[in-house]
Amino acid sequence: MLEVDAFVAGYGRIPVLHGVSLKAGAGQMITLVGANGAGKSTLLKAIAGVLPARSGRVILEGEDVTSVPVHRRVGKGVVLVPEGRMLFGAMSVDENLTLGAYLRTGGEARREAEAERERVFELFPILARRRTQPAGTLSGGEQQMLAVGRALMSDPKVLLLDEPSLGLAPKVISEIFAVLDRLREGGLTMVLVEQDARLALKHADYGYVMRTGSVALEGSSADLLANDDVRLIYLGAWHGRE
Amino acid sequence: METSELLQLAIAGLKNGSIYALLALGFTIVYAATNVINFAQGEFYMLGGMFAVLAFTQFELPLLVSVPLAVLVVAGIGMLFETLAIRPRKDAEPMALIIITVGGSLVFASLARHAFGSDALPLPEFTAGPSFLFAGAAIERQTVWIWGIVLVTVAGLTFLYSKTRLGRAMRACMQNREAARLMGIDTARVVMISFGLAAALGAVAGVAVTPLTSTRFDIGAGIAVKGFAAAILGGLGSPLAAVAGGLLLGLIEQAVIPFSSALKDVVALGVLLAVLFLRPQGLFRRARREKM
Ligand SMILES: Nc1ncnc2c1ncn2[C@@H]1O[C@H](COP(=O)(O)OP(=O)(O)O)[C@@H](O)[C@H]1O
Ligand SMILES: [Mg+2]
């Protein structure tokens, strides 16, 4: 479904990604874990097309989309839920969702987008009750739900999620991850970035451990959870937190 | 002073203020999309009048064809200006882009001088006839046109922003350009359209006022100062505040006339400096509130 091949990128002249490769099969949820500053967000931005490639490729369903600009990559189904959510704070919940469906124009696609909106409200019932409220006035958890809902409105084939748990209470986190599980059961391909490696590996099929802009280790979630190095370095801080 | 005289000043203030409002809208729309103050805005005003005169006197088109045609041509020029002069440097500091617009303004003015000469060029009123009398004050027919045009423009913009897909995309770009791109919005196109729209608004103002004042290649700079002052007064945020800023500036100008008519043309500069020093967020916004 999605393939990143020897991707090199950075900000200005500072290189951040040093040849990263990964794969997500159709309907799979993969996760990128690793310390703060390892380059996880940078990699998601590269997949979304926000950040240009110095070299390497991004391949979606066999098609090389490396040079497709962000806004057209959305149309091909690569949709990012960015770090910090980036909602349109002064606009209502409904308008944020409508903007998510910006590219779904014309009679049929529009009707589908309206059905999508109902599905988003079914996944996150609280959003239905906040429809007319400005996004900026929502709680952190509601904002994250809206960010995910808005991305779903774009009809993604691959959903890229950057730390959806950040700053949220455990109860809200499990609510959001329950929805992610449902989306995966529905066949959506996802790339999940998380600080909380244990949480991420519990939900994902396959994981990549990133260290300073490269993949240090990869494997099925079960293998990584059982791996001694991973336990020591990336899961240690989370011991006893369940 | 008599009531009718006061009324006459108010009418003049609201007439000029409407023109400033249209220019202020142009400044505000471009600023919202790019954080750039477009100092070529006054030349779009000048070119609006020029192309209307050209179409009407040289090509002998009817006035009611010449006017919208001129507006469309200037909108095209605005988009071309953005594409050729702004977009290639879009990652530059806003200050660098602002200097480019100052350069653009000089280029437009000198091209206009070569193309149209340096004489003042007249245009007939949109509808001929005597002024209307209202409580002892006279209202020129063209003034009524100007008010009507401003009302229709404001209604049109309100509709654009609140009800259309393009307007929603424009507002999304104002709030967060990167997020807008993640929605699939072609933000470069939105910026280009914003320049076109601002140019069209400048041209509308220029065309509407030319029957009263004529037009000349060098009138852009003077009106730009007033439009800019009005935009700053309105806080460079919401379109409605820009309109209010324009009307207010027009009225303030008339209010000083009884004391010294020579002062009228420095009022805009005075207002500009006063607002920048005392209330940089404009009159109608609380400090640091989000745009739109
Ligand atoms: N906008 C930016 N400009 C310059 N450097 C950046 C920017 N964003 C991130 N970086 C740098 O890139 C590296 C990777 O950052 P990031 O991808 O955000 O890591 P992570 O998401 O894994 O915490 C860090 O060294 C960070 O300082
Ligand atoms: Mg990050």
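Note that this is a predicted model, so its numbers are computed, not measured. (Residues numbered from 1 in each chain as written. Chains lettered and ligands numbered in written order. Predicted model: local features only at pLDDT ≥ 70, side-chain atom pairs only at ≥ 80, totals over all residues. Heavy atoms only, no water.)

## Considerations on the domain arrangement of chain A
Residue and element names in this part refer to chain A.
Inference 1: For chain A, the assigned domains read domain 1 (1–77 + 158–170 + 183–242) and domain 2 (89–155).
Inference 2: Its C-alpha centre places domain 1 at a distance of 25 Å from the equivalent point of domain 2.
Inference 3: Across the contact, eleven residues belong to domain 1 and eleven residues belong to domain 2.
Inference 4: Between domain 1 and domain 2, the buried area comes to about 660 Å², and carbon and sulfur atoms account for 80% of it.
Inference 5: Among the residues domain 1 hides against domain 2, the three largest losses belong to Leu159, Leu168 and Leu183. Together they make up 51% of the total.
Inference 6: For the pair domain 1 and domain 2, the number of links is zero salt bridges.
Inference 7: At the surface where domain 1 touches domain 2, the tally comes to zero residue pairs in polar contact (both at pLDDT 80 or more). (Domains from an automatic or database assignment. Contact = heavy atoms within 4.5 Å. Buried area = accessible area lost by both parts, 1.4 Å probe. Salt bridge = Lys/Arg side-chain N within 4 Å of Asp/Glu carboxyl O. Polar contact = N/O pair within 3.5 Å; in protein donor to acceptor, adjacent residues only side chain to side chain.)

## Quick notes on the sheet that holds strand S2 (residues 14–24) of chain A
Inference 1: In space, the four strands of this open sheet follow the order S2-S1-S4-S5 (chain A), with antiparallel pairing throughout. Every other strand in the sheet has two partners, leaving S2 and strand S5 (63–64) of chain A as the edge strands with one partner each. (Pairing = 2+ DSSP bridges. Helix = DSSP H or I, 4+ residues; strand = E, 2+ residues; numbered from the N terminus.)

## Here we look at the coordination of the magnesium ion (ligand 2)
Inference 1: In this structure, Ser41 of chain A (OG) and Glu83 of chain A (OE) serve as the protein donors to the magnesium ion (ligand 2), at separations of 2.0 to 2.8 Å. Taken as a pair, Ser41 of chain A in helix H1 (residues 40–48) and Glu83 of chain A in the loop between strand S6 (78–81) and helix H3 (93–100) lie far apart in primary sequence, 42 residues in all. (Donors = N, O, S within 2.8 Å, 3.2 Å for Na, K, Ca; no water.)

## Section: the confidence of the model for chain A
All names here are of chain A.
Inference 1: Residues at a pLDDT of 70 or more form 96% of chain A, whose mean pLDDT is 92.
Inference 2: Averaged pLDDT values for the elements of chain A fall to 72 in helix H10 (residues 228–235) and rise to 98 in S6.
Inference 3: Note on residues 237–242: pLDDT is under 50 here. Beyond four places in sequence and across chains, it has nine contacts. (pLDDT = per-residue confidence, 0-100.)

## Considering the pattern of salt bridges
Residue and element names in this part refer to chain A.
Inference 1: According to the stated counting rule, one finds 18 salt bridges over all chains in the structure shown.
Inference 2: The partner of Glu108 in a salt bridge is Arg111, and the shortest N-O contact between them spans 3.3 Å. Of the two residues, Glu108 and Arg111 are both situated in helix H4 (residues 107–123); the distance of three residues between them amounts to about one turn of the helix.
Inference 3: Exposure remark for Arg111: the relative accessible area of 56% places this residue in the exposed category.
Inference 4: Between Glu142 and Arg130 there is a salt bridge whose closest N-O contact spans 3.1 Å. On the criterion of sequence distance, the pair formed by Glu142 in helix H6 (residues 140–152) and Arg130 in the loop between helix H5 (125–129) and H6 is long-range, its members being twelve residues apart.
Inference 5: For Glu142, a relative accessible area of 12% gives the class buried.
Inference 6: The exposure class assigned to Arg130 is partly exposed, which follows from its relative accessible area of 24%.
Inference 7: One connected set of salt bridges, linked through shared partners, spans Asp94, Glu114, Arg117 and Arg131. (Buried < 20%, exposed > 50% of the residue type's maximum accessible area, 1.4 Å probe, protein only.)

## Looking at the site of ligand 1
All names here are of chain A.
Inference 1: Taken together, the neighbourhood of ligand 1 is formed by Tyr11, Val16, Ala35, Asn36, Gly37, Ala38, Gly39, Lys40, Ser41 and Thr42.
Inference 2: Here Ala38 contributes a backbone N or O atom positioned 3.2 Å from an oxygen atom of ligand 1.
Inference 3: Between ligand 1 and the protein, one listed contact pairs an oxygen atom with a side-chain N or O atom of Thr42 at 2.4 Å.
Inference 4: When isolated, ligand 1 has an accessible area of 560 Å², and the protein chains bury 60% of it.
Inference 5: It is H1 that provides the largest number of residues to the shell around ligand 1, a total of three residues. (Near = heavy atom within 4 Å. Areas by Shrake-Rupley, 256 points an atom, 1.4 Å probe, with all protein chains shown as cover.)

## With respect to the pairing of S6 of chain A
Residue and element names in this part refer to chain A.
Inference 1: Judged by which residues are buried, S6 turns out to be covered on both faces: Val78 and Leu80 on one side and Val79 and Val81 on the other are all buried.
Inference 2: Pairing geometry for S6 and strand S7 (residues 158–162), over four bridges, is parallel. Residue pairing for S7: Val79 is matched across the bridge by Leu159.

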